[in-house]
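Next come the chains, spelled out residue by residue.
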Amino acid sequence: MADSEYDKPEEKAFSALYAAYAAGCLDPAFALLVETQSALRTDIANDVARAEIIAGSLLEQQPPVEMSDRAIDRAMAAIDAFDTDATYAVRAAEAAGGALDELLALPEPLRTHVLDSAGSGGWKFSAPGLRRLPIDIDSAAEVELYRIAPGASVPRHSHDGAEYTLVVSGGFTDETGSYGPGDVAVKGPDDTHQPVGDAGEPCFALAVRDGGLRFTGVAGVLQRVIRN
């Protein structure tokens, strides 16, 4: 979010996200957004840590529950599988080609998901200077990583639901302001905007939304033709 975002009502929504994350009940897509933003911003990491301390304190007050049989064995097996998947993801992304160095520079845990998606499904062309990478993270929400070249723009659009867009590197500007690394732009059904990549390096932005996009202009006409 931009520097002034903490003065807006959306601050409460983010506090709820951090609390849900600390309690371990946040949707995987939004958990990825929180974890990535925490890796980019110390203040967010501190907010999440405080929420985890509170959640931990509440957890300690709960009566203990007996662990199931072989719970530790299953946990260790899951860790081994994660390490194997991470190695495979890098190899898959290398085979897919493209700007591997840019992807390797992304913070974890986003990097692993992106490498896996780049190797399996690959980037999609959306417009000149604009590519998107759908990320499958076992969530009902739609998750995509955008690569916006400097000066390139996302077609003007509105939203069927809420959209959270986290700038991971570079930056973009729309009708509401400029967003840099660690900032989150929050949009809803009443918002229409057209993000444009800032000068300098390409902008990588992680978008999590619970509804589709509705494009305007020529892009909107094409969208309606495809749907029909």
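Coordinates for the structure precede this section.
Below, the structure is looked at part by part. (Residues numbered from 1 in each chain as written. Predicted model: local features only at pLDDT ≥ 70, side-chain atom pairs only at ≥ 80, totals over all residues. Heavy atoms only, no water.)

What to know about the sheet that holds strand 9 (residues 196-197)
Moving on, step 1. The strand order across the open sheet built from three strands is 7-6-9, with neighbouring strands paired in antiparallel fashion. One side of each edge strand has no neighbouring strand; the edge strands of this open sheet are strand 7 (177-179) and strand 9.
Moving on, step 2. Here strand 6 (residues 172-174) runs beside strand 9; their pairing, made up of two bridges, is antiparallel. Bridging from a neighbouring strand, F172 pairs with G197 of strand 9. (Pairing = 2+ DSSP bridges. Helix = DSSP H or I, 4+ residues; strand = E, 2+ residues; numbered from the N terminus.)

As for helix 6 (residues 110-120)
Moving on, step 1. For helix 6, the complete set of buried residues consists of L110, T112, V114, L115, S117 and A118.
Moving on, step 2. Following helix 6 by one or two positions, G122 has its phi on the positive side, about 85°. (Buried < 20%, exposed > 50% of the residue type's maximum accessible area, 1.4 Å probe, protein only.)

What about the packing of aromatic side chains?
Moving on, step 1. Under the criterion given, the structure shown has three aromatic pairs.
Moving on, step 2. A centroid spacing of 6.3 Å and a plane angle of 65° characterise the contact between W123 and F204, whose relative ring orientation is edge-to-face. One end of the pair, W123, is in the loop between helix 6 and strand 1 (124-127); the other, F204, is in strand 10 (residues 203-209), and 81 residues separate them in sequence.
Moving on, step 3. Take W123: its relative accessible area is 22%, and that puts it in the partly exposed class.
Moving on, step 4. We note R131 situated over the ring of W123; from NZ or CZ to the ring centre the distance is 5.0 Å. (Phe/Tyr/Trp six-rings, centres within 6.5 Å; stacked < 30°, edge-to-face > 60°. Lys NZ or Arg CZ within 6 Å of the ring centre and 35° of its normal.)

Details of helix 2 (residues 28-40)
Moving on, step 1. Its 13 residues place the ends of helix 2 18 Å apart at the C-alpha level, agreeing with the 18 Å of an ideal helix rising 1.5 Å per residue.
Moving on, step 2. The set of residues buried in helix 2 consists of A29, F30, A31, L32, L33, V34, T36, Q37 and S38.
Moving on, step 3. Where helix 2 begins, the side chain of D27 points an oxygen toward the backbone nitrogen of A29, at a separation of 2.8 Å. (Expected span 1.5 Å × (residues − 1). Polar contact = N/O pair within 3.5 Å; in protein donor to acceptor, adjacent residues only side chain to side chain.)

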